[in-house]
Amino acid sequence: MGRKLLLLGPPGAGKGTQAQHIAKLLGIPHISTGDMLRQAVADETELGMQAKAIMEAGDLVPDDLVTALVIERLAQPDAACGYLLDGYPRNAAQADTLTDTYGDDVFDTAIAVDVESEELVRRILQRAEEQDRADDTEDVIRNRLNIYRADTEPLIGYYRDRDRLAEVDGVGSVDEVFGRIVEALR
Ligand code: AMP
């Protein structure tokens, strides 16, 4: 039976990169709501058109839209034996929906990768120069960070209290952080 993992962490903590490594190591699909939403925007689907401006502002896309996407994705056969959910849940309502829909065993461990805010802004601005993401301007980054601290970070305490949390320091090279995650998942 594969692992069922959640990945939590602020924007710019390197979640996407780490998620790819973890998914490969464990042979489970990497399910990223951010990636799925960016794809919907690129494909100009109805969902993409609803999500585009919200994402560009760094705000959260409405829960029901993202939840529908996740439920559809988790129903795919490759997710039957495990997955790494990256970017969902993002707030208490989504966390509740997840357990209400699938039960407590919807995940065995939530991995929280943390990095302090100023380091994150520096990293994201650097990434903005390398890639071309409309949600990588400084104002938008600060908005995304504020939303993370207000809405998403409380989930970390919630999962810690339920003994489902693996906390990892996200400062260091990709390999260093990955090593910490692997250790924490043992
Ligand atoms: P990410 O790649 O995870 O940083 O997500 C990029 C953007 O997609 C976020 O800033 C949100 O606008 C949107 N998004 C991703 N996941 C969610 C979610 N679970 N709930 C609401 N919005 C989301």
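Treat the numbers as computed from the prediction; the structure is a model and nothing was measured. (Residues numbered from 1 in each chain as written. Predicted model: local features only at pLDDT ≥ 70, side-chain atom pairs only at ≥ 80, totals over all residues. Heavy atoms only, no water.)

A. Representation of the site of the ligand in the model. The environment of the ligand is formed by 14 residues, the closest being Thr-33, Asp-59, Gly-87, Gln-94 and Arg-144. In this structure, Thr-33 approaches the ligand through a side-chain N or O atom, which is 2.8 Å from a nitrogen atom. Between the ligand and Arg-144 there is a distance of 2.8 Å, counted from an oxygen atom to a side-chain nitrogen or oxygen. Coverage of the ligand by the protein chains reaches 96% of its 470 Å² of free accessible surface. Here the shell around the ligand takes four residues from helix H2 (residues 33–42), the largest share from any one element. Broken down by class, the residue content of the shell around the ligand amounts to six nonpolar, four polar and four charged. (Near = heavy atom within 4 Å. Polar contact = N/O pair within 3.5 Å; in protein donor to acceptor, adjacent residues only side chain to side chain. Areas by Shrake-Rupley, 256 points an atom, 1.4 Å probe, with all protein chains shown as cover. Helix = DSSP H or I, 4+ residues; strand = E, 2+ residues; numbered from the N terminus. Nonpolar A, V, L, I, M, F, W, Y, C, P; charged D, E, K, R; others polar.)

B. Representation of the packing of helix H7 (residues 138–152) against helix H8 (residues 154–161). Packing of H7 against H8 leaves a shortest axis separation of 5 Å and a crossing angle of 35°. Residues Tyr-148, Arg-149, Ala-150, Asp-151 and Thr-152 of H7 touch H8, and the partners they reach there are Pro-154, Leu-155 and Ile-156. Split by residue class, the contact of H7 with H8 holds five nonpolar, one polar and two charged. (Axes fitted to C-alpha atoms, helices over the stretch in contact; angles between N-to-C directions. Contact = heavy atoms within 4.5 Å.)

C. How the structure looks around empty space enclosed by the protein. All told, the structure shown has one cavity of 30 Å³ or more when counted by the stated rule. Quantified by volume, the largest cavity comes out at close to 50 Å³. As for the largest cavity, its lining consists of Leu-7, Leu-8, Gly-9, Lys-15, Gly-87, Tyr-88, Pro-89, Arg-90, Tyr-148 and Thr-152. Within the residue set of the lining of the largest cavity, elements represented by two or more residues are strand S1 (4–8) and H7. (1 Å grid on protein atoms, 1.4 Å probe; cavity = no way out; pocket = protein on both sides within 12 Å on 5 of 7 lines; lining within 4 Å. Points joined across faces, edges and corners; volume = space filled by probe spheres on them.)

Just distances and angles here, no functional claims.
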